[in-house]
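# Results of the structural survey
Here are the chains, one letter per residue:
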Amino acid sequence: MTSPQRQPLLHDLAVTLAAPTVVLSAPDGNLDATAPGAGVQGLFHADVRAVSLLRVTLRPVGARSGEHAEKAPSAVGEGVGGGGGEGWLPVVAVMTATDGPGRSRFVGLAQALGDAVPDPTVRVDRRRILNPGLLTEQLTVRSTATTPVHLAVRVEVAGDLVTLEHAKAGQPARSPLQPAGELTSGTGALGWGDGTVAVTVSAPGAIPDPDHSTLTWTLTVEPGESVDLHLAVEITEPDAVVTAADPRPTWQRPDITADDRRLPALVAQSLDDLHSLRMATAASPGDTFLAAGVPWFFTLFGRDSLWAARMLLPLGTDLALGTLRALAAQQGTRTDPATEEEPGKILHEVRREVFDDGQGLVLPPVYYGTVDATPLWVCLLHDAWRWGLPADDIEPLLPALQAALGWIDTAAKAGDGFLSYIDHRGTGLANQGWKDSADAVRFTDGRLAEAPLALAEVQGYAYEAALSGAALLDAFQLPGGEHWRTFASGLADRFRARFWVSDPRGPYPAMALDGSGRPVDAAASNMGHLLATGILNADESAAVAARLAAPDMSDAYGLRTMSSTSGGFGPLRYHCGTVWPHDTAIAVTGLARTGHPEAAARLIEGILDAAPAFDYRLPELWGGDARTDTPAPVPYPAACRPQAWSAAAAVALMTAMTGLDPDVPAGRLRLRPTGPLPVGTLTIQGLTIAGERLDVAIDSGGRIESVSAPARLSIELYTESRV
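Residues numbered from 1 in each chain as written. Predicted model: local features only at pLDDT ≥ 70, side-chain atom pairs only at ≥ 80, totals over all residues. Heavy atoms only, no water.

The protein chain carries the name Glycogen debranching N-terminal domain-containing protein in an unreviewed UniProt entry, which gives Streptomyces bottropensis as its organism.

Here you go:
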């Protein structure tokens, strides 16, 4: 029997990102989607691969009298053109590095050129700069040879314009579109398009050869000198669904110092990645949100964008406001089984066209198949309000708040008092919580649970959203607050009666209820999401903290998604044993808030141990192997990197250690000292609350040394756990 196509691997690709554009290349900077083991190499713009081939090669040429690097290149007919592959040599990669948001550097050696000595005397530096819709590269050929070096530099470039789902399904690259070429005013250019996306490649001084899709320079590099060559790729898509964000900063960037230098390094790289993931919809270009991840989720995703914005609230409320507005603009208004739209429901994802992975998953361009985005939207609005989002920005969103609460009420009544889901069409997502793979929800013996499913964490989100919604309704003098407090109380009672299970180690919350109402009893990270919602009492929170801190959940590089003792566990199973940084950060936040700093510290240490292995660019997930079994985390080969909520997790971990609990409408800022910090002393300067600066210094014992906050806020220090 033929195996299904496998998702391409990503873990060893070099990523250069400026949403909605990304380059995924080999470590030498080249990309070739047709090469064996190439994974999903390409220059993608939103959901389309604009460039599937971009390769630099060299070859020596005979010196000609009077030839200098500054002169125009020779004609293709003189033996240095794009035809054929004979004699063209690769640049051998020796260095690959990120160089800030949207920037990468590659250094390679031209081993066949220069002096015949052991040391390399000719190298090629490749500086890649990416802006939305525009890639520019500078190729610098440097020589320390003792005689002039005469060479040709060739760039092969082509595009197949396949959709993202085509690449994600592991299907082979298509034949490139035949480019058109021209040479105008010394600039060689090639271009192609399909009527919706147009690509133009220009290279000053190069000779274009459209028959072979090449641009070629010839040059001479004198001893001790260098020559710069320039290449630009421009993509235009007039009918794009997503576009670049407003270039103005969306948040304030804090200065962080800690005894453990891994934390500042992790936050710095994460903020670079988050800056590059900023995006807007074409319909609302002023509302910035974070694209979920590169490359598979390179668009607006309700759940992912909401969680990432929530984690970044200590840096300002602008991102939260943009995310809330972008999602409210497409909030459901009608019942449509084809898209799973329902009145008041927040969408799952937006695409340019139908997403069809060729294996049965077919999603419409605007898809509402998510059970948790709606309560999370309410929670983000509430938290942004507490961090100081002005009333003038909140008031226009109040109708969307009321509609979202209405959806929660309707969904709970339809789900026997709980929020549940089922894929009605059979071609959408089988699971519609954050663990959305088809095999994510399992019993402890490994059996798959059958829908409709009510996930544990979603009930926690709904509980928190009900109380958050009540607070907002009261504050803005709207009716319904008491109804939502009663709803929350009833939901907590139902959850306590139906979700808790026991094994020889004691009680814990099941990860879900299945279609028959039976608890799905695998011990999983879902329970960690409950801690910060308030749905658990102190004893229940302690039981969950003990479960999360136990080795079967926590001895990996972070929190495992499923206990290593469960029947469905696998260290590289997408949602059944791997570690997800955002999942870990949510649990850490809850552990810190409910007074379990030792368990929080154990999980923070796991993430910090993992970060250097990924050059501090945390991927979507990694393997759930024990730290004692592997010297570094095992990459999940198809993980997105960067991923918005993985990068935002770095800020969430930092915030959890500070114990910050703002309530700007009430005029106060609380801090909960959490005991000894896993990073030693910690100083954060330049956080943002109510649009003003906030500085915090904490000693290694977890005691607050100093706080500098807006004068209108009273500062309260306390150690009680919130239950």
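## As for helix 10 (residues 538–549)
Note: α-helices contain 3.6 residues per turn, so residues at a spacing of three or four share the same orientation. Helix length check: helix 10 (12 residues) gives 16 Å between terminal C-alpha atoms against 16 Å at 1.5 Å per residue, within 8%. Every buried residue belonging to helix 10 is among Glu540, Ser541, Val544, Ala545, Arg547 and Leu548, and all of these are buried. For helix 10, the angular spread of buried residues about the axis comes to 160°, placing them on one side. Exposed residues lying more than 90 degrees from the buried face of helix 10 are Asp539 and Ala546. (Helix = DSSP H or I, 4+ residues; strand = E, 2+ residues; numbered from the N terminus. Expected span 1.5 Å × (residues − 1). Buried < 20%, exposed > 50% of the residue type's maximum accessible area, 1.4 Å probe, protein only. Arc of directions from axis to C-beta.)

## A closer look at the pattern of salt bridges
This structure, assessed with the given rule, holds 45 salt bridges. Between Arg668 and Asp663 there is a salt bridge; the shortest N-O distance is 3.4 Å. Here Arg668 falls in the partly exposed class, since its relative accessible area comes to 23%. We classify Asp663 as buried; its relative accessible area is 7%. (Salt bridge = Lys/Arg side-chain N within 4 Å of Asp/Glu carboxyl O.)

## As for the confidence of the model for the protein chain
When pLDDT is averaged across the protein chain, the result is 92; 94% of the residues are at 70 or more. Residue range residues 64–84 is modelled with pLDDT below 50. Its contacts to residues more than four positions away, or to other chains, number 46 contacts. (pLDDT = per-residue confidence, 0-100. Contact = heavy atoms within 4.5 Å.)

## Some details on the UniProt feature "domain: Mannosylglycerate hydrolase MGH1-like glycoside hydrolase" (unreviewed entry) in the protein chain
Annotation from UniProt places "domain: Mannosylglycerate hydrolase MGH1-like glycoside hydrolase" (unreviewed entry) at residues 453–609. What you have in residues 453–609 is 51% helix and 9% strand, and the ends, taken at the C-alpha atoms, are 35 Å apart. (UniProt positions renumbered as here; feature names shortened; annotations may be inferred.)

## Observations regarding unusual backbone geometry
A cis geometry characterises the amide bond from Ala451 onward to Pro452, with omega recorded as 0°. Its place among the elements puts Pro452 in the loop between helix 7 (398–414) and strand 27 (454–455). Look at the link from Arg641 to Pro642: it is a cis peptide, with omega at 5°. Structurally, Pro642 can be placed in the loop between helix 13 (597–610) and helix 14 (644–658). Its identity is not glycine, yet Leu161 carries a phi of approximately 55°, on the positive side. The phi dihedral of Tyr616 is positive, around 70°, even though this residue is not glycine. Structurally, Tyr616 is set in the loop between helix 13 and helix 14.

## So, the side chain of Arg351
Here Arg351 is to be found in the loop between strand 23 (349–350) and strand 24 (355–356). By relative accessible area, which is 5% here, Arg351 ends up buried. Ignoring any residue separated from it by four or fewer positions in sequence, one finds Arg351 in contact with Asp47, Leu164, Val241, Trp296, Phe297, Thr299, Phe301 and Pro365.

## Some remarks on the sheet that holds strand 19 (residues 242–244)
Pairing within the open sheet is antiparallel, and its 3 strands lie in the order 19-21-22. This sheet does not close on itself; its edge strands, each paired only once, are strand 19 and strand 22 (284–290). For this sheet the average axis-to-axis angle between neighbouring strands, irrespective of direction, equals 45°. Across 3 bridges, the pairing between strand 21 (residues 278–281) and strand 22 is antiparallel. Looking across to strand 22, one finds that Met279 is bridged to Phe289. (Pairing = 2+ DSSP bridges. Axes fitted to C-alpha atoms, helices over the stretch in contact; angles between N-to-C directions.)

## Re the environment of Thr147
Its location among the elements puts Thr147 in the loop between strand 11 (134–143) and strand 12 (149–158). Separated by 77 residues in sequence, Thr147 and Gly224 have C-alpha atoms that sit 9.4 Å apart.

## Section: the nonpolar core
In terms of nonpolar packing, the biggest core is built from 181 residues, with Trp377 and Val441 touching the most fellow members. Counting residues per element, this core draws most heavily on helix 14, which supplies 12 residues. If near-sequence neighbours (up to four positions away) are discounted, Trp377 is found in contact with Leu306, Leu324, Leu327, Ala328, Ile346, Leu397, Ala400, Leu401 and Ala404. Core analysis: the second largest hydrophobic core is formed by 42 residues, Val51, Val141, Val157 and Leu229 among them. (Core = buried A, V, L, I, M, F, W, Y, C linked by side-chain atoms within 4.5 Å.)

## A closer look at the pairing of strand 35 (residues 692–698)
Where burial is concerned, most of strand 35 is hidden: 5 out of the 7 residues are buried. From the end of strand 34 (residues 682–689) to the start of strand 35, which pair antiparallel, there are 2 residues, and Ala690 there has a positive phi angle of about 55°. Summarising the sheet, strand 35 and strand 36 (residues 704–708) pair through 4 bridges and their orientation is antiparallel. From the neighbouring strand, Ile698 faces strand 36, where its bridge partner is Ile704.

## Comments concerning helix 7
Spanning 17 residues, helix 7 covers 24 Å between terminal C-alpha atoms, matching the ideal 24 Å at 1.5 Å per step. Turning to helix 7, its buried residues are Leu398, Ala400, Leu401, Ala404, Leu405, Trp407, Ile408, Asp409, Ala411 and Ala412. The inward-facing, buried residues of helix 7 abut helix 4 (318–328), helix 5 (373–386), helix 6 (391–394), helix 8 (456–475) and helix 9 (481–498).

## Describing the environment of Val141
Examined against the element boundaries, Val141 turns out to sit in strand 11. A relative accessible area of 2% means that Val141 is categorised as buried. Residues within four places of Val141 in sequence aside, it is in contact with Val122, Arg123, Val124, Leu151, Val153, Val221, Glu225, Ser226 and Val227.

## Some details on the pairing of strand 5 (residues 48–51)
Where strand 4 (residues 42–45) meets strand 5, 3 bridges bridge the pair, whose relative direction is antiparallel. The partner of His45 across the bridge, within strand 5, is Val48. In textbook terms, the turn of a hairpin is the stretch between consecutive antiparallel strands, and for strand 4 and strand 5 this stretch comprises 2 residues, one of which, Ala46, has a positive phi near 55°.

## Structural notes on the packing of helix 4 against helix 5
At a minimum axis separation of 10 Å, helix 4 and helix 5 run at an interaxial angle of 145°. Judged by the twist between their axes, the crossing of helix 4 over helix 5 is left-handed. In this structure, helix 4 contributes Ala320, Thr323, Leu324, Leu327 and Ala328 to the contact, and helix 5 contributes Trp377, Leu380, Leu381 and Ala384. In the contact of helix 4 with helix 5, the residues fall into 8 nonpolar, 1 polar and no charged. (Left-handed = near helix turned anticlockwise from the far one by under 90°. Nonpolar A, V, L, I, M, F, W, Y, C, P; charged D, E, K, R; others polar.)

## Section: the packing of aromatic side chains
Considering all chains together, one arrives at 10 aromatic pairs under this definition. With centroids separated by 5.0 Å and ring planes inclined at 70°, the aromatic side chains of Trp434 and Trp580 adopt a geometry described as edge-to-face. Note that Trp434 is positioned in the loop between helix 7 and strand 27 and Trp580 in the loop between helix 11 (551–554) and helix 12 (581–593), a separation of 146 residues in sequence. Looking at Trp434, the relative accessible area reads 4%, which means it is buried. Three or more aromatic residues joined by ring pairs form one cluster here, namely Trp434, Tyr574, Trp580, Tyr636 and Trp645. (Phe/Tyr/Trp six-rings, centres within 6.5 Å; stacked < 30°, edge-to-face > 60°.)

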